[in-house]
Amino acid sequence: MAATAHVSAQVTDAMIANDAKTTDSVLSNGLGTQLQRHSPLTNINARNINRLVPAWSMSFGGEKQRGQQSQPLIHKGKMFVTGSYSRIFALDAKTGKKLWKYEHRLPEGIMPCCDVINRGAALYDNLVIFGTLDAQLVALDQETGRVVWRERIDDYSAGYSYTAAPLIAEGLLMTGVSGGEFGVIGRVEARDPKTGKMVWVRPVVEGHMGYKDGKENGITGTTNASWPGEMWKTGGAATWMGGSYDPKTGLAYFGTGNPGPWNSHLRKGDNLYSSSTVAIDPKTGQIVWHYQGTPNDGWDFDGTNEFVTFDMDGKRLGAKADRNGFFYVLDAANGKLENAFPFVTKTTWATGIDLKTGRPNFVPENRPGDPSGEGGDGNKGKAVFAAPAFLGGKNQMPMAFSPKTGLFYVPANEWGMEIWNEPITYKKGAAYLGAGFTIKPLYDDYIGSLRAINPKTGKIEWEVKNEAPLWGGVLSVGDLVFWGTPEGYLKAADAKTGKIVWQFQTGSGIVAPPVTWMQDGEQYISVVSGWGGAVPLWGGEVAKKVNFLEQGGSVWTFKLLK
Ligand SMILES: [Ca+2]
Ligand SMILES: [Ca+2]
């Protein structure tokens, strides 16, 4: 009998493919591999939400706090949630009772750029799989927490780490790499989720060889077509946010980070495929199309933001709110640009996006200067004030899409930076920037703003401003949207109007996306609370402004009072 129960609990490819529709589970990052973060559940709604109260709270414990960016997963009454410092917990989803925990033994000298965070796990078969700060993947038995397999992604002493939730689609476990500030080589890897065995590797920097089943599988791009000299060998483009998968196009989409180093004058050219979206065929491990948001990125805009596929006007499209301040709508099958518009108030680096060529209309004088060029003294180039700041119009906090309203709910931030370039040479395991910067708020009264964006018109239908920068994600559920704030509130608003209908103080800042599911006839909402992430570490004047916020580490779960 026990064996049968075990078999029935296994997560299959079909279950993952249906995840967005099955309301009794959250099997994947994004509530489905399209990453829409939408649930059709309406048991909790604007009429009864005044009865939404905590069901339980669970502490990650220990002395390890810092940023908690994890999205919980729910399967057969169990919650799987990762914590800071490469920890993972299995809990009873109804009561919060701890079933087991696994603490990965981290070596001295790990180099996470942006706090000791993790964004969540993946489920497959009887396994729960997550990435660690020393660039490993660990697969554990869902029942016992026993390690079933462990594989190294890369060398942490060269700056590699892993923080994203793995993507599982077409029977493959797809992951990227973190470490874009250290001159790593961005790539997407596909493994057998049951064993961890590598199936294919696709680098996303021009000139690097791909592999499939242990054999060479073609060089990415054309060597030196868009990179000068040897610069592609330490070209960055880290795929640190993980990917999405669309069952209709059969493609996996990964965002790629900044080219290395930040000083763009050292690498004249577009620097493919950095600061781009790349669409990869999981069957072949080949790039099918790419779209580059910021060619020759000189602002650390990255291009890692999630690509969310959706239907509009009879077309299968994908949308991305880029760190560079523009919202892009592309044909999901071929990458053709359909629409692009700013979703923040100020973009100094480009006046807009040319819809014919797909390229930004650059403002050349607003690019930080060459240290050896005009206005430079050899050691420091001309400083410019740039907006958005490198922390982005939107950063890692995922947006949601509601098929009911047709709107995207984007956690946006309004900030700028003073930025200048410096000379730099690559050194293994050292920051590879060649730039200095100070982030500053643009407005006195707010930095964050949750914006409901119409992908057809570019119109912001409503917004809810927030004093601190938003750093959590959004959940669209029924006719509501939920999101957290660094000030500690989990908030809910009417998806059509933005009217706040509920909020709850969780005791620390929220920098993670909420989830929802049904269990035994009741709808639950969960979110992880624990302030941290890149803002306190890199935020300059903004970090000073929010230095009163307290760290934490707990899961909060809510349901309607009967
Ligand atoms: Ca589901
Ligand atoms: Ca970066």
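Each remark here, short or long, concerns the structure printed above.
(A) Region of the structure containing the pairing of strand S38 (residues 515-519). Here S38 lies mainly inside the structure; five of its five residues are buried. Of the two faces of S38, the one holding Val515, Trp517 and Gln519 and the one holding Thr516 and Met518 are both buried throughout. Strand direction decides the pairing type here: S38 and strand S39 (residues 522-529), joined by five bridges, are antiparallel. Looking across to S39, one finds that Met518 is bridged to Gln523. A loop of two residues connects S38 with S39, the two strands running antiparallel in sequence, and Asp520 in this loop sits at a positive phi of about 50°.

(B) Seen up close, the coordination of the calcium ion (ligand 1). The coordination sphere of the calcium ion (ligand 1) contains the protein donors Asp19 (O), Asp19 (OD), Thr22 (O), Thr22 (OG1), Ser25 (O) and Ser25 (OG), at a distance range of 2.3 to 2.7 Å. The coordination sphere of the calcium ion (ligand 1) comprises six donor atoms, whose angles at the metal cover 70 to 170°; the geometry is irregular. Each donor residue of the calcium ion (ligand 1) lies on one chain, and together they are spaced D-x2-T-x2-S.

(C) Just the layout of surface pockets, in detail. Estimates place the volume of the largest pocket at around 610 Å³. Together, 29 residues line the largest pocket, and Ala20, Lys21, Gln34, Gln36 and Arg316 are the ones closest to its centre. Every element with two or more residues in the lining of the largest pocket is listed here: helix H2 (13-17), strand S11 (167-169) and strand S21 (308-312). When grouped by side-chain class, the residues that make up the lining of the largest pocket number 15 nonpolar, seven polar and seven charged. Of the volumes computed, that of the second largest pocket is approximately 200 Å³. Considering the residues around the second largest pocket, the lining is formed by Met15, Asn18, Thr22, Asp24, Ser25, Leu27, His75, Lys76, Gly77, Met518 and Gln519.

(D) Quick peek at the side chain of His104. With respect to the secondary-structure elements, His104 resides in the loop between strand S6 (98-103) and strand S7 (122-124). Exposure remark for His104: the relative accessible area of 7% places this residue in the buried category. When neighbours within four sequence positions are excluded, His104 is seen to be in contact with Tyr85, Ser86, Thr132, Asp134, Gln136, Val138 and Arg150.

(E) Spatial organisation of the state of the cysteines. In total, this model carries one disulfide according to the counting rule given. In this model, Cys113 is linked to Cys114 through a disulfide, with the two sulfur atoms separated by 2.1 Å. Where Cys113 bonds to Cys114 through sulfur, the torsion about that S-S bond is close to -100°, and the disulfide is left-handed. In this structure Cys113 comes out as partly exposed when scored by relative accessible area, which is 27%.

(F) Inspection of the coordination of the calcium ion (ligand 2) at higher detail. Protein ligation of the calcium ion (ligand 2) involves Glu181 (OE), Asn258 (OD1), Asp300 (OD) and Asp302 (OD), the donor distances falling in the range 2.3 to 2.6 Å. Along the chain, the residues donating to the calcium ion (ligand 2) are arranged with the sequence spacing E-x76-N-x41-D-x1-D. Here the residue Glu181 occupies a position in the loop between strand S12 (172-175) and strand S13 (187-191), and Asp300 occupies one in the loop between strand S20 (286-292) and S21, the gap between them amounting to 119 residues. Residue classification places Glu181 among the buried positions, given a relative accessible area of 10%. Relative accessible area serves as the criterion here: at 3%, Asp300 is assigned to the buried category.

(G) Up close: the nonpolar core. Met79, Met174 and Phe482 are the most contacted members of the largest nonpolar core, which has 95 residues in total. The contacts of Phe482, once residues within four sequence positions are left out, are Ile49, Leu52, Gly473, Val474, Leu475, Val477, Leu490, Lys491, Ala492, Trp502, Pro514 and Ile525. Core analysis: the second largest hydrophobic core is formed by 41 residues, Ala350, Ala386, Met397 and Ala435 among them.

(H) Highlighting the packing of aromatic side chains. Within this structure, the stated rule accounts for 35 aromatic pairs. Here the aromatic rings of Trp262 and Phe390 are separated by 5.1 Å at their centres, their planes lie at 55°, and the arrangement is tilted. On the criterion of sequence distance, the pair formed by Trp262 in the loop between strand S18 (251-255) and strand S19 (276-281) and Phe390 in the loop between strand S27 (384-386) and strand S28 (400-402) is long-range, its members being 128 residues apart. Note on accessibility: Trp262 and Phe390 belong to one class, buried.

(I) Spotlight on unusual backbone geometry. With omega at -10°, the peptide bond leading from Gly260 into Pro261 counts as cis. Along the polypeptide, Pro261 turns up in the loop between S18 and S19. The phi dihedral of Asp313 falls on the positive side, at around 50°, and the residue is not glycine. Along the chain, Asp313 falls in the loop between S21 and strand S22 (315-321). For Asp313, a relative accessible area of 56% corresponds to the exposed category.

Each value, and the rule that gives it
- Each chain has its residues counted from 1, following the order in which its sequence is written.
- Whichever chain is written first becomes A and whichever ligand is written first becomes 1, with later ones labelled in order.
- Selection of residues for local features in this predicted model requires a pLDDT of at least 70, selection of side-chain atom pairs for listing and counting requires 80 or more, and totals for whole chains, interfaces and linings are taken over all residues.
- Here the side-chain values reflect all heavy atoms present in the structure, with hydrogen atoms and water set aside.
- When a residue's accessible area, from a 1.4 Å probe over protein chains only, is under 20% of the maximum for its type it is buried; when over 50% it is exposed; and in between it is partly exposed.
- Numbered from the N terminus, helices here are DSSP runs of H or I no shorter than four residues, and strands are runs of E no shorter than two.
- Here, a strand pair is defined by DSSP locating no fewer than two bridges between the strands.
- Only N, O and S atoms count as donors, using a 2.8 Å cut-off from the metal and 3.2 Å for Na, K and Ca, and because water is excluded some sites may appear unfinished.
- Only four donors with every angle between 85 and 135 degrees are called tetrahedral; only four or six donors with opposite donors over 155 degrees apart and all others between 65 and 115 are called square planar or octahedral, in that order; all others are irregular.
- For each structure, a 1 Å grid was placed over the protein atoms alone; sets of points admitting a 1.4 Å probe that cannot get out are labelled cavities, open sets with protein on both sides within 12 Å along at least five of seven lines are labelled pockets, and lining residues have an atom within 4 Å of a point.
- Grid points are joined across faces, edges and corners, and a volume is the space filled by probe spheres set on the points.
- Each residue is assigned to one of three groups, with Ala, Val, Leu, Ile, Met, Phe, Trp, Tyr, Cys and Pro labelled nonpolar, Asp, Glu, Lys and Arg labelled charged, and all others, Gly among them, labelled polar.
- Here, two residues are considered to be in contact whenever any of their heavy atoms come within 4.5 Å of each other.
- Disulfide assignment relies on a single distance test, namely cysteine sulfur atoms paired within 2.5 Å.
- To define a nonpolar core, start from buried Ala, Val, Leu, Ile, Met, Phe, Trp, Tyr and Cys residues and group those joined through side-chain atoms within 4.5 Å.
- Two rings from Phe, Tyr or Trp (for Trp, the six-membered ring) form a pair when their centres are within 6.5 Å of each other. A pair whose planes differ by under 30 degrees is stacked, one over 60 is edge-to-face, and the rest are tilted.

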